[in-house]
Amino acid sequence: PLVLHVLGARPNFVKAAPVVRGLAGLGVRQGIVHTGQHYDALMSDVFFADLGLPDPIANLGVGSGSHARQTAALLTGLEEIVLTHRPDLVVVYGDVNSTLAAILVCAKLHVPTAHVEAGLRSFDREMPEEVNRVVTDALADILLVTSPDGLSHLAAEGIAPSKVHLVGNPMIDSLFSALPKLDPAPIKQRLGLPERYAVATLHRPGNVDDPESARELVEAVLAVGEQVPIVVPLHPRGRERLAEAGLVNGANLTIIDPLGYVEFLSLVRGAALVVTDSGGVQEETTMLGVPCLTVRPNTERPITITHGTNRLVTPATLPAAASKALADGAATPSGELPPLWDGAAGPRIARVIEAWLRGGNLSP
Ligand code: UD1
Ligand code: UDP
């Protein structure tokens, strides 16, 4: 049997690496299809190198565009790939447009699919990712869930429990693998950072696309900068809008290009505080025990609040929350990390997939 992994955006690469490794360990024939949704070297190539991912068998080069244009290019490109390679199973990851397009193409071509990171819900359909999550889970044949709340969300949507597997979080496997390489010293020295600093990442459309929202956010970040120097590895989305809103280099603020995976997590590991609107960074700070303030009205990862270091803030509440987090450090409410975030999710996912392939009575 042949398994294809469809990957397109930065967080996909991080989630897929442990699954690809796990399936390789079981001798399953597989290939990566890169959609080209993310294409800058710092948004893509550096992750293949840092995570030890094999080269893709194809890159569709779909690039950027409106949701309709990007999704249309993804659908057309992926249909051709699936018809050419005739995989026995396609694995999709997370909640990006590449995920949505892959699940739709496979559903129409009757190719079975597995969704890694199924069941997360923000219940906010203004987030493009929430739409992608709901559609992907409705169509997937195997749903691989990272945290227990996902089980009840899927049950409530009428998805048969026989399709659903609680397997833990492969993003945390990647973090565990990188841990021995995470040293804040070199990046701190390169950026001239003091002992105590904060890191911010910002890229959600709800924060960066509208000039007024961007201005409120930047004002809040600058207010945090009054308390602790901040370094911002800036995602390409919103780069200009945030600069127009005043997010520019200054005494307390260092704006840099996006960082590679190991350098970024090294920086986070040494930070006194993280401010973010990322999904994955809420999880990584939880595991690293770094206080995290998430500038969003909701999160599809509530376990990072109940079991981790994460708090939701608005631009208005961010400065005071930062001051409190800097004073308190990283106390976690339950003292327990999320269940199955143990570095072994990749092998668990690989076992579910391999058993499914065998049960499916497929040709060798
Ligand atoms: C996408 C995902 C989002 C995820 C994020 C991870 C969707 C709907 N959104 O958002 O869930 O959190 O990836 O980083 O799939 N750009 C570049 N170079 C690149 C890629 C993008 O300059 O390599 C710029 C382009 O101007 C582009 C913009 O970033 O228009 C947005 O890229 P896109 O892939 O559409 O969405 P993201 O905001 O990256
Ligand atoms: N990340 C990185 N360099 C950066 C910012 C983020 O390597 O400059 C990593 C981060 O550690 C995490 C992933 O990218 O593993 C998260 O991606 P992103 O925030 O773009 O997407 P989201 O999780 O919000 O979908």
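The rules behind each value
- Residues numbered from 1 in each chain as written.
- Chains lettered and ligands numbered in written order.
- Predicted model: local features only at pLDDT ≥ 70, side-chain atom pairs only at ≥ 80, totals over all residues.
- Heavy atoms only, no water.
- Buried < 20%, exposed > 50% of the residue type's maximum accessible area, 1.4 Å probe, protein only.
- Helix = DSSP H or I, 4+ residues; strand = E, 2+ residues; numbered from the N terminus.
- Contact = heavy atoms within 4.5 Å.
- Polar contact = N/O pair within 3.5 Å; in protein donor to acceptor, adjacent residues only side chain to side chain.
- 1 Å grid on protein atoms, 1.4 Å probe; cavity = no way out; pocket = protein on both sides within 12 Å on 5 of 7 lines; lining within 4 Å.
- Points joined across faces, edges and corners; volume = space filled by probe spheres on them.
- Nonpolar A, V, L, I, M, F, W, Y, C, P; charged D, E, K, R; others polar.
- Near = heavy atom within 4 Å.
- Areas by Shrake-Rupley, 256 points an atom, 1.4 Å probe, with all protein chains shown as cover.
- Pairing = 2+ DSSP bridges.
- Axes fitted to C-alpha atoms, helices over the stretch in contact; angles between N-to-C directions.

Chemist: I tried to follow helix H7 (residues 170-178) on my own but got confused; where do I start?
Modeler: Within an α-helix, residues lying three or four positions from one another point in the same direction, as the helix has 3.6 residues per turn. Judged by how many residues are buried, H7 sits mostly within the fold: seven of nine residues are covered. Listed as buried for H7 are Pro 170, Met 171, Ile 172, Asp 173, Ser 174, Leu 175 and Ala 178. Tucked into the core, H7 has its buried residues touching helix H1 (10-25), helix H2 (45-51), strand S5 (113-118), helix H12 (261-269), helix H13 (280-288) and helix H16 (345-359). By the N-cap criterion, in which a side-chain oxygen at the helix start approaches the backbone nitrogen of a residue two or three places on, H7 is capped by Asn 169, the distance to Met 171 being 2.9 Å.

Chemist: In this structure, what is going on with the layout of surface pockets? I would like to understand it.
Modeler: One way to see where empty space is left: roll a probe the size of a water molecule over the atoms. The space that makes up the second largest pocket amounts to roughly 220 Å³. If you go around the second largest pocket, you meet 13 residues; those closest to its centre are Arg 311, Lys 324, Ala 325, Asp 328 and Gly 329. Among the secondary structure elements, those contributing two or more residues to the lining of the second largest pocket are strand S12 (292-295), strand S13 (310-313) and helix H15 (318-328). Residue contributions to the lining of the second largest pocket peak at four residues, all from H15. Among the residues forming the lining of the second largest pocket, the class breakdown is eight nonpolar, two polar and three charged.

Chemist: Mind showing me how you'd approach the site of ligand 1 here?
Modeler: Around ligand 1 sit 19 residues, and of these His 38, Asp 40, Asn 97, Glu 129 and Arg 204 come closest. Within the contact set of ligand 1, an oxygen atom lies 2.9 Å away from a backbone nitrogen or oxygen of Tyr 39. Here an oxygen atom of ligand 1 and a side-chain polar atom of Arg 237 are 2.9 Å apart. Calculation on ligand 1 without its partners gives an accessible area of 740 Å², and the protein chains cover 84% of this total. Across the shell around ligand 1, the residue classes tally to six nonpolar, eight polar and five charged.

Chemist: How should the sheet that holds strand S11 (residues 273-276) be read in this particular structure?
Modeler: Taken together, the six strands give an open sheet; going across it, the order is S10-S9-S8-S11-S12-S13, and neighbouring strands pair in parallel fashion. Only two strands of the sheet have a single neighbouring strand rather than two, namely strand S10 (253-256) and S13. On average, each strand axis in the sheet is tilted by 20° relative to the strand beside it, whichever way the strands run. Relative to S13, S12 runs parallel, the two being bridged by four bridges. Note on S13: the bridge partner recorded for Leu 293 is Arg 311. Contacting strand S8 (198-201), S11, S12 and S13, H13 runs over the sheet at an angle of about 165° to S11.

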